[in-house]
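Here's the letter readout for the chains.
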Amino acid sequence: MHHLVSIEDVDMRYGGAAGTLAVSGLNMKVGKGEFAAVVGPSGCGKSTLMKLVTGLHLPQRGAVLVAGKLVTEPVSIVGMAFQNPTMLPWRTTLDNILLPLEIVEKHRHRLRAHKKEYVEKAEHLLEIVGLKGFGSKFPWQLSGGMQQRANLCRALIHEPELLMLDEPFGALDAFTREELWCVIRDLHAAQGVTIVLVTHDLREATFLADRIFVMSARPGRVLKEHVVPFERPRDLEVMYEKGFNDMVHELHGEIAKARVAA
Ligand SMILES: Nc1ncnc2c1ncn2[C@@H]1O[C@H](COP(=O)(O)OP(=O)(O)O)[C@@H](O)[C@H]1O
Ligand SMILES: [Mg+2]
């Protein structure tokens, strides 16, 4: 399989030689088009892993490759969405979604020349996530769930090959979260985008992912990899099957063990 993401024996330490070793001996490979989930104890280096892949941090040891290229600076084929969407309150939702295009040099000229096309694309994404017609609203006029939907549109506007999601649904209520799982599931199926999802919600990981990586306590490394066997497309009903609960249970046990082993 061609790997879109390859993390090879990586160490990453914050704050100089005497600082915090966040991850050590980290290895992980994600295939093109795959949906990977990363779970592990809190503080084990999951967000660090995300920042290494997106090029926001560089490792002191080992290598991170995205699409076969060594990561040495922020990677432009990546879209990111984090837990607390930071929408600019003075911009409409639509203009917030277009923001990445204004920031990334490569897209800036295209945005100017093809503004109408991008506005249409943003509106199409809004429709996919169930926010048709909300582009003209300001972020503070939207609920938390709606803001997170808009945040997903913003992560996808530049058609990234790789979508990195760091606990994107943590702040939402259970029903809204399940709705957004279906949105992500459908985006993944329709757009062929590769997704890496960090989550502490083991049901979320099991429902969405093809493969789940379990990390150790800090310094984080991958302890175990699970292939999720449930057929796609998956319905929320799958969560009530025995096999599903067995997998969640097993993951829970592994993380509980990893926590005390620290
Ligand atoms: N910018 C930073 N400076 C210093 N230490 C950090 C920084 N970011 C994270 N850390 C530390 O690195 C470890 C891993 O953090 P993080 O990757 O955010 O964990 P997770 O996302 O799994 O909760 C933690 O001990 C955290 O305190
Ligand atoms: Mg984190």
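Refer to the structure presented above.
As a starting point, this report considers the structure included with it. Counting of residues starts from 1 at the beginning of each chain's written sequence and follows it residue by residue. Each chain is given a letter, starting from A, and each ligand a number, starting from 1, according to the order in which they appear as written. Owing to the predicted nature of the model, reporting of local features is limited to residues with pLDDT of at least 70; listing and counting of side-chain atom pairs is limited to 80 or more, with chain, interface and lining totals taken over all residues. Computation of side-chain values: all heavy atoms of the structure, hydrogens and water removed.

Moving on, we get to the overall build of the protein chain. Secondary structure elements follow DSSP: runs of H or I no shorter than four residues count as helices, runs of E no shorter than two count as strands, and numbering proceeds from the N terminus. Helix and strand content of the protein chain: nine helices and 10 strands. Relative to a compact globule of 262 residues, whose C-alpha radius of gyration would be 18 Å, the protein chain shows 18 Å and is just as compact. Along the first, second and third principal axes, the C-alpha set of the protein chain runs to 55 × 45 × 35 Å. Exposed residues in this analysis have more than 50% of their type's maximum accessible area, buried residues have under 20%, and partly exposed residues fall in between, with area computed by a 1.4 Å probe over protein chains only. Among the 262 residues that make up the protein chain, the fraction classed as buried is 50%. Residue contacts are defined here by distance: any two heavy atoms, one from each residue, within 4.5 Å place the two residues in contact. A sequence separation of at least 24 residues applies to 68% of the contacts in the protein chain between residues at least 6 apart. For the protein chain, the accessible surface area stands at approximately 12500 Å², while carbon and sulfur atoms represent 54% of it. Positive residues here are Lys and Arg, negative ones are Asp and Glu, while His and the chain termini are left out of the count. The atom standing in for a charge is NZ when the residue is Lys, CZ when it is Arg, CG when it is Asp and CD when it is Glu. Of note, the protein chain has its 31 positive side-chain charges centred 5 Å away from the centre of its 31 negative side-chain charges. All radius of gyration figures rest on C-alpha atoms, and the globule criterion is 2.2 Å times the number of residues raised to 0.38. Note that accessible areas follow from Shrake-Rupley with a 1.4 Å probe, and for residues the cover is restricted to the protein chains shown.

For the rest of this paragraph, the subject is empty space enclosed by the protein. A probe matching the size of a water molecule, rolled over the atoms, marks out where space remains unfilled. Cavity means a closed set of points on a 1 Å grid over the protein atoms alone, one where a 1.4 Å probe fits but cannot get out, pocket means an open set with protein on both sides within 12 Å along at least 5 of 7 lines, and lining means a residue has an atom within 4 Å of a point. Grid points are joined across faces, edges and corners, and a volume is the space filled by probe spheres set on the points. Enumeration over the complete set of coordinates arrives at one cavity of 30 Å³ or more. Here the largest cavity defines a volume of roughly 40 Å³. Lining the largest cavity we find Glu167, Pro168, Phe169, Gly170, Arg177, Thr199, His200, Asp201 and Glu204. Gly counts as polar in this scheme, as do all residues outside two lists: the nonpolar Ala, Val, Leu, Ile, Met, Phe, Trp, Tyr, Cys and Pro, and the charged Asp, Glu, Lys and Arg. For the lining of the largest cavity, a count of residues per class yields two nonpolar, three polar and four charged.

Moving on, we get to the site of ligand 1. Proximity is defined per residue: if any heavy atom of the residue lies within 4 Å of a molecule or strand, that residue is considered near it. Taken together, the neighbourhood of ligand 1 is formed by Tyr14, Ala22, Ser42, Gly43, Cys44, Gly45, Lys46, Ser47, Thr48 and Arg218. Gly43 is positioned with one of its backbone polar atoms (N or O) 2.8 Å from an oxygen atom of ligand 1. Identification of polar contacts relies on pairs of N or O atoms within 3.5 Å, with a donor-acceptor requirement for protein atoms, meaning one able to donate a hydrogen and the other able to accept it, and with residues adjacent in sequence counted only if both atoms are side-chain atoms. Thr48 is positioned with one of its side-chain polar atoms (N or O) 2.5 Å from an oxygen atom of ligand 1. For ligand 1, whose free accessible area comes to 560 Å², the fraction covered by protein is 59%.

Another aspect to go through is the pattern of salt bridges. Any Lys or Arg side-chain nitrogen located within 4 Å of an Asp or Glu carboxyl oxygen qualifies as a salt bridge. One pass over the structure, following the stated rule, counts 17 salt bridges. A salt bridge links Lys29 to Glu8, with the nearest nitrogen and oxygen atoms 3.8 Å apart. Here the residue Lys29 occupies a position in strand S2 (residues 20-31), and Glu8 occupies one in strand S1 (residues 3-14), the gap between them amounting to 21 residues. On the basis of relative accessible area, Lys29 is assigned to the partly exposed category, the value being 32%.

This next bit is on the side chain of Asp11. Within the secondary structure, Asp11 sits in strand S1. Here the side chain of Asp11 touches Gly25 through a polar contact of 2.9 Å, landing on its backbone nitrogen. Residues within four places of Asp11 in sequence aside, it is in contact with Leu21, Val23, Ser24, Gly25, Pro59, Gln60 and Arg61.

A few words now on helix H9 (residues 242-260). For an α-helix, the turn length of 3.6 residues means that residues three or four places apart are oriented alike. A helix's residues, less one, multiplied by 1.5 Å, set its expected span. For H9, with 19 residues, the first-to-last C-alpha span of 28 Å sits near the 27 Å given by 1.5 Å per residue. Every buried residue belonging to H9 is among Phe244, Met247, Val248, Leu251, Glu254, Ile255 and Ala258, and all of these are buried. For H9, the buried positions fall inside an angular range of 125° around the axis, keeping them on one side. Those residues of H9 that are exposed and angled more than 90 degrees off the buried face are Lys242, His249, His252, Lys257 and Val260. Buried-residue contacts for H9 involve strand S3 (35-39), helix H8 (202-208), strand S9 (211-215) and strand S10 (222-227). It is the directions from the helix axis to the C-beta atoms that the arc portrays.

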